Amino acid sequence: MAELKLFRTWSSRFSLRVVWALDLKGIQFDTIFEDLTNKSSSLLQYNPIYKKVPVLVHNGKPLAESLVILEYIDETWKQTPLLPEDPSERATARFWAKFGDDKVLPSVWNVFIKQGKDQEEAIVTAHENLRNLEGLISGKKFFSGETIGLVDLAFGWLANLLGVFEEVMGVTLIDHEKYPFLLTWMHNFADAPIIKESWPPRDKLITKYKVLHEAYTSKEAAK
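Basis of the calculations
Residues numbered from 1 in each chain as written. Predicted model: local features only at pLDDT ≥ 70, side-chain atom pairs only at ≥ 80, totals over all residues. Heavy atoms only, no water. Phe/Tyr/Trp six-rings, centres within 6.5 Å; stacked < 30°, edge-to-face > 60°. Helix = DSSP H or I, 4+ residues; strand = E, 2+ residues; numbered from the N terminus. Buried < 20%, exposed > 50% of the residue type's maximum accessible area, 1.4 Å probe, protein only. Lys NZ or Arg CZ within 6 Å of the ring centre and 35° of its normal. Core = buried A, V, L, I, M, F, W, Y, C linked by side-chain atoms within 4.5 Å.

Some words on the packing of aromatic side chains
Summed over the entire model, instances satisfying the criterion amount to 17 aromatic pairs. Aromatic pair F7 and Y46: ring centres 5.6 Å apart, planes at 55°, arrangement tilted. Residue F7 is located in strand β1 (residues 4-8), and its partner Y46 is located in helix α2 (residues 41-46); the two are separated by 39 residues in the primary sequence. Both residues of the pair, F7 and Y46, belong to the buried class. Between W20 and W199 the ring centres are 5.2 Å apart and the planes differ by 80°, which places this aromatic pair in the edge-to-face class. Taken together, the residues W20 in helix α1 (residues 13-24) and W199 in the loop between α9 (193-196) and α10 (202-222) connect sequence positions 179 residues apart. Judged by its relative accessible area of 1%, W20 falls in the buried class. Since its relative accessible area comes to 17%, W199 is described here as buried. Grouped by ring-pair contacts, the aromatic residues W20, F143, F155, W185, F189 and W199 constitute a single cluster. Lying across the ring of W10, K208 places its NZ or CZ 5.9 Å from the centre.

Now the structure itself:
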């Protein structure tokens, strides 16, 4: 049997993508939980460039960066495809996954860590990006159609972590009036059995992000 190990943390949204992909394909793997304040020698050995999770080690060969890992998984295990067969559709899926990491996630994070006028400006940018997703998901159950695919995994953090952010900072970004299709997708994704069983405990996430929010906003206030 092939050796497959995933280095992750309990709360990493990027690591969850890999967990979901492997679970969707029915692939067994070993999990090594990392403490990023005291990184193991194995993690530093397998990911000496970025020194972060996730890292997937397949028969001794390490792969880093979650979107890269998702494509590797899809190419290595053909069952339950994450990407479409058509080259144009595959390229489009990669575009939107990258858009999520380059635009959507940073813009939502800025809303979370900013205050006052800076937060107001961040909210405008976040809504610009979220409106693109609302248009993309319109009329579909998942971004990939009727089944979960790579783009859904890339945006999966929205279905859980966004609500945590909103609760901690007291700001609502997504409501049914502005984002009916995106909100429906969030429920569809979060309630999928294989996805649901992997969510980190919400109370622990709330505690973690309260501490982070207080730390960032204290810095903002001190400027």
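Structure shown, so let's carry the discussion forward.
Structural notes on the nonpolar core
With 69 residues, the main nonpolar core has L153, W185 and F189 as its most contacted residues. Here this core gets 11 residues from one element, more than from any other, and that element is helix α4 (residues 87-113). Membership of the second largest hydrophobic core comes to 6 residues, among which are L43, Y46, V55 and V57.

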